There are 2 protein chains.
Amino acid sequence: MHALKVNTAGGSYPILVGRGLIDRADAFVSLLPGRQVLVVTNDVVAPLYLDRVLASLADLEPATLVLPDGERHKTLETFSRIIDALVDAGFHRDACVLALGGGVVGDLSGFAAACFHRGIACIQVPTSLLAQVDSSVGGKTAVNHVAGKNLVGAFHQPVGVVADVTTLETLPEREFLAGLAEVLKYGIGLDEEFFEWLENNLQALLDREPLAVERAVIWSCAIKARVVAEDEREQGRRALLNLGHTFGHAIETHAGYGSDWLHGEAVAVGMAMAALMAEELGTIDADTCRRIRALIEAAGLPAHPPAMSTDRWMELMGRDKKVAAGRIRLVLPTGIGSSALSAGYDDAALARTIARTAPNDD
Amino acid sequence: MHALKVNTAGGSYPILVGRGLIDRADAFVSLLPGRQVLVVTNDVVAPLYLDRVLASLADLEPATLVLPDGERHKTLETFSRIIDALVDAGFHRDACVLALGGGVVGDLSGFAAACFHRGIACIQVPTSLLAQVDSSVGGKTAVNHVAGKNLVGAFHQPVGVVADVTTLETLPEREFLAGLAEVLKYGIGLDEEFFEWLENNLQALLDREPLAVERAVIWSCAIKARVVAEDEREQGRRALLNLGHTFGHAIETHAGYGSDWLHGEAVAVGMAMAALMAEELGTIDADTCRRIRALIEAAGLPAHPPAMSTDRWMELMGRDKKVAAGRIRLVLPTGIGSSALSAGYDDAALARTIARTAPNDD
């Protein structure tokens, strides 16, 4: 078991990464503030791992809520169901929500924990690669609104993250790849050494070799923990974790929540577009752009968006949270393993980027 | 115009108290992060003050949302309407919610500001006495749940509070008195000098003499600002601001939200019961108890709860947020102008307190 620490304004909390952690009562007990635990999961994860987690919590008072699986359930209505479950269990301020599942379960459970009695403890037990390397760490919680993803939420740090990498063995291939997009993000935007490691170990990751996967999760979490410690509320450097996300959110919103795009896939396209845009603006050279795009494509991830007009792109990107004073700001690579938030750019460069990635360009 | 400062972990913000402030553009402009402002108010306050506030914001891009008046609308559904209004206005992260109204408008607007894009700015413009001296200051925001008041919410400090005491002139008598209960709370629980000032100036307050009212608002805000600065997240001393509230919440929940009890009235009864309970436990003497109860009654506030069985009291108080590890803790006076959170007590003392305040004891 590998333990990382996330330092935040309110104190620090551990990220435990290892194999077989969900069967270890000691991994959970040290994190719990009291005896009351609500395990929130979904109907895909529950048959696989719920009983094992409940066995580890057997000495406590666990209650359980099984939600329907899927991003379309990441709504205020489902949030409200978690609150009701906490009330029905008779839980108080010292209760804890344990989120067992992927990013949707984690975001919903974290937001419910943030709001119940204005904030109770939350333990994240991510079972998807996306959740293990990204959404479970850092305290961002949210639900979607018809007008945009994660539009309603809170910053609420968990009391701990327990990432059991063996749970990734049951992950469908496509979801594993979508999670890998966020892993690549750390290399592309923040860590040249990790980028090179990814170039050299991509096949082992695609084969889900246990040691490679564990290494990638630990490395990703370490980078994220460092960035979050520097900028918990995303007023500066943390925005770099959104590399590819402004383009990606536009794709997801355009496609609609019932669509066939996974978040990581949209982010992969977004990163590929961000690289092109940076090349258009001259902040990276053609070879750097090519290396970034090659890594994304070698991972089997999409690099081209669906057909969307330039006007539609501009409209949807204008809704993004990173818009300050009505101006679109983008996270763009500035080299291998480095990136920056752009202060602005001419719309023509964006239009050229969109044209270069159009589906008929494929 | 009197300016107080609230120091919090995230920085400090001003409380401006004075007469005619809502007509002063300068009072608002210095607080706003950008040009986008959503003014949230209700259908009782809007005809009185909305046009004047909008005139002060004329150089900006104000949008408006008028909610139905009443505590029963302090729900997740109404919260969702505010989010929709922010989306419909095309507002972003640098937008601001301006809450014009009493505690319900302030709590709802503050919670929506806390959650929209995980936190945007909020200016509180309280128009009730309760909101000016209590709910607008300190960053507590929430909505009600059928299982309890303020069960879902967030700590989210406003960027400023603009308390125009002339808006209290239009307040119905009963609401003014209910707000006065929270003013008394500061004297009873936290400041002996203020308690004595209240004993000596109660009639001037009841007559709403402008200087007395302004003085009481400033003094109350100063006490609250000090307590919040010491303990923003209510992990210690801030709990003392809940004097009378555990009893009071039980009354409100028992009566139901459509009931005839105002929050301040329930708190007044709660403080009278807390004094009796402290006397039962021997932490204050009979004379101190009498002085506290006499001040509450002289203000024309109720001191007796509705008919409720002891079992019902225990059940409802067990749901309160101040319950730690299943144990009821109460804020009780320890003298004039001082109070403490009790570690515990025998149920017999609670039963005797309830018996002594039963309606047929009146």
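Okay, so let's go over this structure. Quick caveat: nothing in here was measured; it's all calculated off a predicted structure.

**A look at the overall build of chain A**
Along its length, chain A carries 13 helices and 11 strands. C-alpha extents for chain A along the principal axes are approximately 60 × 40 × 35 Å. Among the 362 residues that make up chain A, the fraction classed as buried is 64%. The contacts in chain A between residues at least 6 apart in sequence include a share of 75% that link residues at least 24 apart. Taken as a whole, chain A presents about 12,700 Å² of accessible surface, with 49% of it coming from carbon and sulfur. Here chain A contributes 32 positively and 46 negatively charged side chains, and the mean placements of these two sets differ by 5 Å.

**Notes on the relation of the copies chain B and chain A**
Here chain B sits on chain A after a turn of 180° about the axis and a move of 0.0 Å along it, with an RMSD of 0.0 Å. Look at the turn and shift together and you get a two-fold axis relating the two. A share of 100% of the interface residues of chain B reappears at the interface of chain A, consistent with the copies meeting face to face through the same patch.

**Notes on the sheet that holds strand S3 (residues 36-42) of chain A**
Residues and elements named next belong to chain A. The strand order S1-S2-S9-S6-S5-S3-S4 describes an open sheet built from 7 strands, whose pairing is mixed. Edge positions in the open sheet fall to strand S1 (2-8) and strand S4 (61-67), since each of these has one partner strand only. For this sheet the average axis-to-axis angle between neighbouring strands, irrespective of direction, equals 20°. Pairing of strand S5 (residues 96-101) with strand S6 (residues 121-126), which is carried by 6 bridges, proceeds in the parallel orientation. In the sheet register, alanine 99 faces S6, and the bridge partner there is glutamine 124. Its contacts with the sheet place helix H4 (residues 103-115) against S3, S4, S5 and S6, and it is angled at close to 170° to S5.

**Quick look at the environment of tyrosine 186 of chain B**
All names here are of chain B. For tyrosine 186, the location among the structural elements is in helix H6 (residues 173-190). A relative accessible area of 0% means that tyrosine 186 is categorised as buried. Between the C-alpha atom of tyrosine 186 and that of alanine 63, which follows or precedes it by 123 residues, the distance is 36 Å. Apart from residues lying up to four places away in sequence, tyrosine 186 is in contact with Val133, Asp134, Asp191, Phe194, Ser220, Ile223, Lys224 and Leu241.

**Things to note about the interface of chain B and chain A**
Size of an interface: often given as the accessible area lost when the parts come together. Counting residues at the interface gives 36 residues for chain B and 36 residues for chain A. Counting the contacts that link chain B with chain A gives 2 salt bridges. The partner of glutamate 234 of chain B in a salt bridge is arginine 93 of chain A, and the shortest N-O contact between them spans 3.5 Å. Remark: the boundary between chain B and chain A carries 9 residue pairs in polar contact (both at pLDDT 80 or more). Taken together, the residues of the side of chain B that touches chain A sort by class into 17 nonpolar, 8 polar and 11 charged.

**A few points about the pairing of strand S2 (residues 11-18) of chain A**
Residue and element names in this part refer to chain A. Pairing between S1 and S2: 7 bridges, direction antiparallel. Residue pairing for S2: asparagine 7 is matched across the bridge by serine 12. Between S1 and S2, which pair antiparallel and follow one another directly, the connecting turn spans 2 residues. Across 4 bridges, the pairing between S2 and strand S9 (residues 160-164) is parallel. Following the sheet pairing, leucine 16 is matched in S9 by valine 162.

**Details of the pairing of strand S7 (residues 140-145) of chain B**
Residues and elements named next belong to chain B. Counting buried positions along S7 yields 6 of 6 residues, so the element is predominantly enclosed. Where S7 meets strand S8 (residues 148-155), 5 bridges bridge the pair, whose relative direction is antiparallel. Residue pairing across strands places histidine 145 opposite glycine 148, the latter belonging to S8. Here S7 folds back onto S8, and the loop between the two strands holds 2 residues.

**Here's the deal with the sheet that holds strand S4 (residues 61-67) of chain B**
Residues and elements named next belong to chain B. Read from one edge of the open sheet, 7 strands run S1-S2-S9-S6-S5-S3-S4, paired in mixed fashion. Two strands in the sheet have a free side with no partner beyond their single neighbour: strand S1 (2-8) and S4. Strand-to-strand twist in this sheet, taken as the mean axis angle between neighbours without regard to direction, amounts to 20°. In this structure, strand S3 (residues 36-42) lies alongside strand S5 (residues 96-101), joined through 4 bridges in parallel fashion. Its bridge partner lying in S5, valine 37 is registered against cysteine 96. Contacts between helix H4 (residues 103-115) and the sheet are confined to S3, S4, S5 and strand S6 (121-126), with S5 contributing the most and set at about 170° to the helix.

**Looking at the pattern of salt bridges**
All names here are of chain B. Counted according to the given criterion, the structure contains 44 salt bridges over all chains. For arginine 24, the salt bridge is made with aspartate 26, and the minimal N-O distance between the two is 3.1 Å. Since its relative accessible area comes to 33%, arginine 24 is described here as partly exposed.

**Here's the deal with the packing of helix H12 (residues 310-317) of chain A against helix H13 (residues 347-356) of chain A**
Residues and elements named next belong to chain A. Running from amino to carboxyl end, H12 crosses H13 at an angle of 115°, the nearest separation of the two axes being 10 Å. Helix-helix and strand crossings are classified by hand; for H12 and H13 the assignment is right-handed. Across the interface between the two elements, Thr310, Trp313, Met314 and Met317 of H12 pack against Asp347, Leu350, Ala351 and Ile354 of H13. Its residues assigned to classes, the contact of H12 with H13 shows 6 nonpolar, 1 polar and 1 charged.

Criteria and thresholds
- Per chain, the residues get numbers from 1 upward, laid out in the order the sequence is written.
- All chains are assigned letters beginning at A, and all ligands numbers beginning at 1, according to the order in which they are written.
- Only residues with pLDDT of 70 or above have their local features reported here, since the model is predicted, and side-chain atom pairs are shown and tallied only from 80 upward, although totals for entire chains, interfaces and linings are computed over all residues.
- Side-chain numbers here rest on the full set of heavy atoms in the structure, without hydrogens or water.
- For the purposes of this entry, the term helix denotes a DSSP run of H or I that reaches at least four residues, the term strand denotes a run of E that reaches at least two, and both are numbered from the N terminus.
- Exposed residues in this analysis have more than 50% of their type's maximum accessible area, buried residues have under 20%, and partly exposed residues fall in between, with area computed by a 1.4 Å probe over protein chains only.
- Whether two residues are in contact is decided by their heavy atoms, any of which lying within 4.5 Å being enough.
- Note on areas: Shrake-Rupley with a 1.4 Å probe; residue coverage comes only from the protein chains shown.
- His residues and chain termini do not enter the charge count, which takes Lys and Arg as positive and Asp and Glu as negative.
- Positions of charges follow a simple convention, taking NZ of Lys, CZ of Arg, CG of Asp or CD of Glu.
- Our superposition of the copies is a least-squares fit, built on the C-alpha atoms of residues whose pLDDT is at least 70 in both.
- Only when DSSP finds a minimum of two bridges between them are two strands counted as paired.
- The axes are straight lines fitted to the C-alpha atoms, using for helices just the contacting stretch, and the angles between their N-to-C directions are given from 0 to 180°.
- When a carboxyl oxygen of Asp or Glu lies within 4 Å of a side-chain nitrogen of Lys or Arg, that pair is called a salt bridge.
- Polar contacts, as used here, are pairs of N or O atoms within 3.5 Å; protein pairs need one atom able to donate a hydrogen and one able to accept it. Residues neighboring in sequence count only if both atoms are side-chain atoms.
- Each residue gets one of three labels, nonpolar for Ala, Val, Leu, Ile, Met, Phe, Trp, Tyr, Cys and Pro, charged for Asp, Glu, Lys and Arg, and polar for the others, Gly among them.
- If you view the pair so one helix is near and one far, a crossing is left-handed when the near helix is turned anticlockwise from the far one by less than a right angle, and right-handed when it is turned clockwise.

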